Amino acid sequence: MSLTSLSIAELQAQFRSGAASPVEAIDALEARIAALDGRIHGYLSRDFATARALAEKADISLPLGGVPIAIKDVINVKGEPCTAASKILLGYTSTYDATVISKLRAAGAIPFGRCNLDEFAMGSSTENSAFGRTMNPWDFSRVPGGSSGGSAAVVAADEAFAALGSDTGGSIRQPAALCGCVGLKPTYGRVSRFGLIAFASSLDQIGPFTKTVRDAGLLTNVIAGRDTMDSTSLDVPVEDATALLGQDLKGVKLGMPREYFISGIDPQVDAAVRAACKHYESLGAEIVEVSLPHTEHAVSVYYVIATAEASANLARFDGVRYGHRAQTENLLEMYARSRAEGFGPEVKRRIILGTYVLSSGYYDAYYLRAQKVRTLIRQDFTKAFEQVDAIICPTSPEPAFKAGDRSDDPMKMYLADIFTIACNLAGTCGVSLPCGFATTDGVRLPIGVQLIGQPWKEARLLQIAHAYEQSTGWHKERPAL
Amino acid sequence: MDDQFNVRYTAQLARLDLTDAEIEKFQSQLGQVLSHVEQLRKVDVSAVAATAHANAVTNVFRADESRPFFSQETVLSNAPRSANGLIVVPKVIE
């Protein structure tokens, strides 16, 4: 068994027993990546020399000492490129560490490798990367999901022990489901966004991709906490996210939202998630039906709010201070042409939509109205959480779809996020974990079940996820590569 | 669909040059998205306050103290053009 197939916890056990060293972990990653990534294309860049130098002096007594962590290429790591998978940032070198990177370093981890994504984290398939798509490790003709598709694929393919991604409308959970790994979006405000290239600031949150639920807790423990550099990170005590792992589920109540079990879901996904609910009952949890009545509006609210915020955030890419600059002698032309040459089609589409819904005369009808419906969506969750500890539902309405199937049909692509978006709008935490397989055209494709937890209750959420994981073992399945 | 939606004009607001082909395509694709968004009109929001953020945070203060950040050299390291410690852009005043 190769070192790279280990979870973080297993790797750390090897370090402690002396069976393996951090340098050997980097060597194993290099071999695995050399053998596989030409076909999977999960990484945009990787710097083995820097990683090996850090591994040589790693202190394995630290919480993540010597553990390499892959990083979505939208999080700044000092001295490394950070492209956001966009041509507009080609040649840019980060001049600082994002707070999550400083925290990883302080915990002894080795930030290693830059993972592919949809350009500026806009997409659900990683096909919007300016540098080529990432393949799903279970079937190269299919997408890994998105936007953090590279992070999900490298973890699923054992090209990484774990990775960081970002989730604005499902960009951690949906690719985790499609690739068969664990993906956690922490509560909004739990993790600092400082150094994350902003997409939609009121929705973005950084979180882990891991092989096990325990690892997700270990990583969350390190990256969580108030940061003075991000005033939206809240001063809420950081509880140990692994504290409740192993406790039984007696008295735990899970809600199945009737609006999430609808026609149009792939029948194999529906069956697997219903089977997961049954399994939870066998573990002692109580399953009740709940209602999130404004669910049908979540996608609309999201694509107004997220594009509005994106159009403002992406205004900074104008060719002046960094990034691509068009050659022209007129300043206004320089802005408009730098952006035209640097941004890809999906980013342009979203900038146009976002600019429109914020523009004079349309603000009230679109943006303000969407913010009000967002309030109703949040209230749905608040009410549901008066009855249940967590909500259980599919992560994605279907398993991984074929590349090219919907890359030119934005509305169809946007509906891929139908079950993950509301969690961001409500600002709470959610996790996707493997719950079985679909067989499509003779290929086995992972299915993910999503658990949405109460705000700030990541420890409870992971307890519930862990009980399922440990009693089923789906997480041990790996693609044949 | 909103018949006021004009991609060409919106692109000017966004400082984004689009080709005629892009304008035509986005007009139809985003028109479709806006039609979907129209369903929000059905929701009664007359008594609902807007949510701008998941956590209502107001006036986060910190001490007004200077602290080390980027050097001038660091700031300029990614600039497409710089000279004499400044970022150079096309001239805006004749």
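Relevant structure appears above.
Conventions and cut-offs
Residues numbered from 1 in each chain as written. Chains lettered and ligands numbered in written order. Predicted model: local features only at pLDDT ≥ 70, side-chain atom pairs only at ≥ 80, totals over all residues. Heavy atoms only, no water. Core = buried A, V, L, I, M, F, W, Y, C linked by side-chain atoms within 4.5 Å. Buried < 20%, exposed > 50% of the residue type's maximum accessible area, 1.4 Å probe, protein only. Helix = DSSP H or I, 4+ residues; strand = E, 2+ residues; numbered from the N terminus. Axes fitted to C-alpha atoms, helices over the stretch in contact; angles between N-to-C directions. Parallel < 35°, antiparallel > 145°, perpendicular 65-115°, else oblique. Contact = heavy atoms within 4.5 Å. Nonpolar A, V, L, I, M, F, W, Y, C, P; charged D, E, K, R; others polar. 1 Å grid on protein atoms, 1.4 Å probe; cavity = no way out; pocket = protein on both sides within 12 Å on 5 of 7 lines; lining within 4 Å. Points joined across faces, edges and corners; volume = space filled by probe spheres on them. Pairing = 2+ DSSP bridges. Buried area = accessible area lost by both parts, 1.4 Å probe. Salt bridge = Lys/Arg side-chain N within 4 Å of Asp/Glu carboxyl O. Polar contact = N/O pair within 3.5 Å; in protein donor to acceptor, adjacent residues only side chain to side chain. Phe/Tyr/Trp six-rings, centres within 6.5 Å; stacked < 30°, edge-to-face > 60°. Patch = residues over 30% accessible without salt bridge, like charges linked within 9 Å, V, L, I, M, F, W, Y side chains within 5 Å. Areas by Shrake-Rupley, 256 points an atom, 1.4 Å probe, with all protein chains shown as cover.

A closer look at the nonpolar core
For soluble globular proteins, the rule of thumb is that nonpolar side chains tend to be buried together. Judged by nonpolar contacts, the single largest core of 175 residues is most densely connected at I69, I75, L104, F120, L164, Y280 and F381 of chain A. Here this core takes 10 residues from helix α9 (residues 298-313) of chain A, the largest share from any one element.

Side note on the packing of helix α1 (residues 8-17) of chain A against helix α7 (residues 213-223) of chain A
All names here are of chain A. Where α1 contacts α7, the axes come no closer than 8 Å and their chain directions differ by 75°. Classed by the angle they form, the pair α1 and α7 counts as roughly perpendicular. Every residue of α7 that contacts α1 at I8, A9 and Q12 is listed here: R214, D215, L218 and L219. Taken together, the residues of the contact of α1 with α7 sort by class into four nonpolar, one polar and two charged.

So, empty space enclosed by the protein
For the structure shown, the criterion picks out seven cavities of 30 Å³ or more. As a volume, the largest cavity reaches approximately 70 Å³. Each residue belonging to the lining of the largest cavity can be placed in one class, and the counts come to six nonpolar, two polar and three charged.

Comments concerning the pairing of strand β9 (residues 390-394) of chain A
Residue and element names in this part refer to chain A. Taken across its five residues, β9 has five buried, putting it largely inside the fold. Two strands pair when backbone bridges link them, and β9 and strand β11 (residues 443-453) are joined in this way by five bridges, in the antiparallel orientation. By the bridge assignment for β11, C393 is matched with Q450.

Description of the sheet that holds strand β8 (residues 286-290) of chain A
All names here are of chain A. Strand order in the open sheet formed by 11 strands is β1-β3-β2-β4-β6-β5-β10-β11-β9-β7-β8, and the pairing between neighbours is mixed. The sheet is open, and its two edges are formed by β1 (43-45) and β8, each paired on a single side. In this sheet, neighbouring strand axes are inclined to one another by 35° on average, regardless of whether the strands run parallel or antiparallel.

A closer look at the interface of chain B and chain A
Facing the 56 residues of chain B at the interface are 73 residues of chain A. At the boundary of chain B with chain A, total buried surface from both sides reaches about 5,400 Å², with 66% on carbon and sulfur atoms. Together, L40, T51 and N78 of chain B form the three largest contributors to the area buried by chain B at its contact with chain A, with a combined 12%. Joining chain B to chain A, the criterion identifies one salt bridge. With its nearest N and O atoms 2.9 Å apart, the salt bridge here joins E22 of chain B to K348 of chain A. Across the contact surface, chain B and chain A share 22 residue pairs in polar contact (both at pLDDT 80 or more). Where the side of chain B that touches chain A is concerned, the elements lending two or more residues are α1 (7-13) and α2 (20-37) of chain B.

Thoughts on the packing of aromatic side chains
All names here are of chain A. Evaluation of the coordinates by the stated rule reveals 21 aromatic pairs over all chains. When the ring of Y303 is compared with that of Y414, the centres are 3.8 Å apart and the planes differ by 10°; the resulting orientation is stacked. Taken as a pair, Y303 in helix α9 and Y414 in helix α13 (residues 410-414) lie far apart in primary sequence, 111 residues in all. Each member of the pair, Y303 as well as Y414, carries the same accessibility label: buried. Chaining the aromatic ring pairs together yields one cluster made of Y92, F120, F317, Y322 and F343.

Comments concerning the layout of surface pockets
Residue and element names in this part refer to chain A. There is about 630 Å³ of room inside the largest pocket. Around the largest pocket, the lining comprises 23 residues; the ones closest to its centre are N76, Y92, Y96, R316 and Y322. The residue inventory of the lining of the largest pocket, partitioned by class, reads 11 nonpolar, eight polar and four charged. When its volume is computed, the second largest pocket comes out at roughly 310 Å³. Within the residue set of the lining of the second largest pocket, elements represented by two or more residues are α1, α7 and α15 (458-472). A per-element tally of the lining of the second largest pocket places α15 first, with four residues.

Topic: the pattern of salt bridges
Residue and element names in this part refer to chain A. According to the stated counting rule, one finds 26 salt bridges over all chains in the structure shown. Between R52 and D27 there is a salt bridge, with its nearest N and O atoms 2.9 Å apart. One end of the pair, R52, is in helix α3 (residues 48-56); the other, D27, is in helix α2 (residues 22-40), with 25 residues separating them in the sequence. Judged by relative accessible area, which is 35%, D27 ranks as partly exposed.

So, the environment of S407 of chain A
Residue and element names in this part refer to chain A. Inspection of the secondary structure puts S407 in the loop between β9 and α13. A residue is classified by how much of its surface remains accessible, and S407, at 32% relative accessible area, is partly exposed. Residues within four places of S407 in sequence aside, it is in contact with E127, R349 and M413.

Describing unusual backbone geometry
All names here are of chain A. Between G146 and the following residue, S147, the backbone shows a cis peptide bond with an omega angle of 10°. By secondary structure assignment, the location of S147 is in the loop between β3 (110-115) and α5 (149-156). Within the chain, A121 stands out as a residue other than glycine whose phi angle is a positive 65°. In this structure, A121 sits in the loop between β3 and α5.

Focus: a nonpolar patch on the surface
On the surface, F69, F70 and V75 of chain B cluster together into a nonpolar patch covering about 280 Å² of accessible area. On the secondary structure map, F70 of chain B appears in the loop between α2 and α3 (72-76).

Focus on the side chain of N76 of chain A
All names here are of chain A. You can see N76 is positioned in the loop between β2 (68-72) and α4 (99-106). The buried category is assigned to N76, whose relative accessible area is 2%. There is a polar contact of 2.6 Å between the side chain of N76 and the side chain of S94. Excluding residues that lie within four positions of it along the chain, N76 makes contacts with C82, Y92, S94, Y96, D97, A98, I101, G195 and I197.

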